[in-house]
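Here are the chains, one letter per residue:
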Amino acid sequence: MRSLSAGLVLGLLLPMANVQAAVSGAEALAKAERLLDDLQYAEANQQLDVALAATGNSRQTLVRILWLRGVLAGSLNKPDVARSAMRALVAIAPEFKPG
């Protein structure tokens, strides 16, 4: 019985703990872009993480997320993150040209 009640509590709490995951990738991307405009790089980076983790991103949204993530990571002196984002970008959109 104890494991049943623990499972029930976890089942009720997990959706609340994961509220931010319910945000769409496009919404998190838009928020990240606003934060970048306001020069709030750490917060923008967090929103790009949320956007990247979201399910159901369109290809266009994913390309924009990866591009911004790579550029921002490069600006923040995080070369491994920048390189990873750019490699993922090239893998899904080899024709991409920033513009």
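A. Seen up close, the overall build of the protein chain. In terms of regular secondary structure, the protein chain is built from five helices and zero strands. If you list the helices and strands of the protein chain from N to C, you get α-α-α-α-α. Residue pairs at least 24 apart in sequence account for 48% of intrachain contacts in the protein chain once pairs closer than 6 positions are excluded. Carbon and sulfur atoms make up 60% of the accessible area of the protein chain, which amounts to about 6800 Å² in all.

B. Region of interest: unusual backbone geometry. The backbone of Leu-39 shows a phi angle near 60°, a positive value even though the residue is not glycine. Positioned with a positive phi, Asn-77 is a non-glycine residue whose angle comes to about 60°. Within the secondary structure, Asn-77 is located in the loop between α4 (59-75) and α5 (79-92). The exposure class of Asn-77 is exposed, given its relative accessible area of 66%.

C. Highlighting the pattern of salt bridges. Under the criterion given, the structure shown has four salt bridges. Arg-59 is the salt-bridge partner of Glu-95, the closest N and O atoms lying 2.8 Å from each other. Of this pair, Glu-95 sits in the segment after α5 while Arg-59 sits in helix α4, and the two are 36 residues apart along the sequence. Assessed through its relative accessible area of 47%, Glu-95 is described here as partly exposed.

D. Spatial organisation of the nonpolar core. Residues Ala-28, Leu-29, Ala-32, Leu-35, Leu-36, Ala-44, Leu-48, Val-50, Ala-51, Ile-65, Leu-68 and Leu-72 constitute the largest nonpolar core, which totals 12 residues. Contributions of two or more residues to this core are made by α2 (25-37), α3 (41-53) and α4. Considering every element that reaches this core, the biggest residue donor is α2, with five residues. The residues contacting Ile-65, other than those within four sequence positions of it, are Gly-25, Leu-29, Leu-48, Ala-51, Leu-52 and Asn-57.

E. How the structure looks around the packing of α4 against α5. For the pair α4 and α5, the least separation of the axes is 7 Å and the interaxial angle reads 155°. Between α4 and α5, the angle is such that the two are roughly antiparallel. In this structure, the crossing between α4 and α5 has a hand that is left-handed. Counting all contacts with α4, which are made through Arg-59, Leu-62, Val-63, Leu-66, Trp-67, Arg-69, Gly-70, Val-71, Ala-73 and Gly-74, the residues of α5 involved are Val-81, Ala-82, Ala-85, Met-86, Ala-88, Leu-89 and Ile-92. In terms of residue class, the contact of α4 with α5 is built from 13 nonpolar, two polar and two charged.

What counts, and where the lines are drawn
Residues numbered from 1 in each chain as written. Predicted model: local features only at pLDDT ≥ 70, side-chain atom pairs only at ≥ 80, totals over all residues. Heavy atoms only, no water. Helix = DSSP H or I, 4+ residues; strand = E, 2+ residues; numbered from the N terminus. Contact = heavy atoms within 4.5 Å. Areas by Shrake-Rupley, 256 points an atom, 1.4 Å probe, with all protein chains shown as cover. Buried < 20%, exposed > 50% of the residue type's maximum accessible area, 1.4 Å probe, protein only. Salt bridge = Lys/Arg side-chain N within 4 Å of Asp/Glu carboxyl O. Core = buried A, V, L, I, M, F, W, Y, C linked by side-chain atoms within 4.5 Å. Axes fitted to C-alpha atoms, helices over the stretch in contact; angles between N-to-C directions. Parallel < 35°, antiparallel > 145°, perpendicular 65-115°, else oblique. Left-handed = near helix turned anticlockwise from the far one by under 90°. Nonpolar A, V, L, I, M, F, W, Y, C, P; charged D, E, K, R; others polar.

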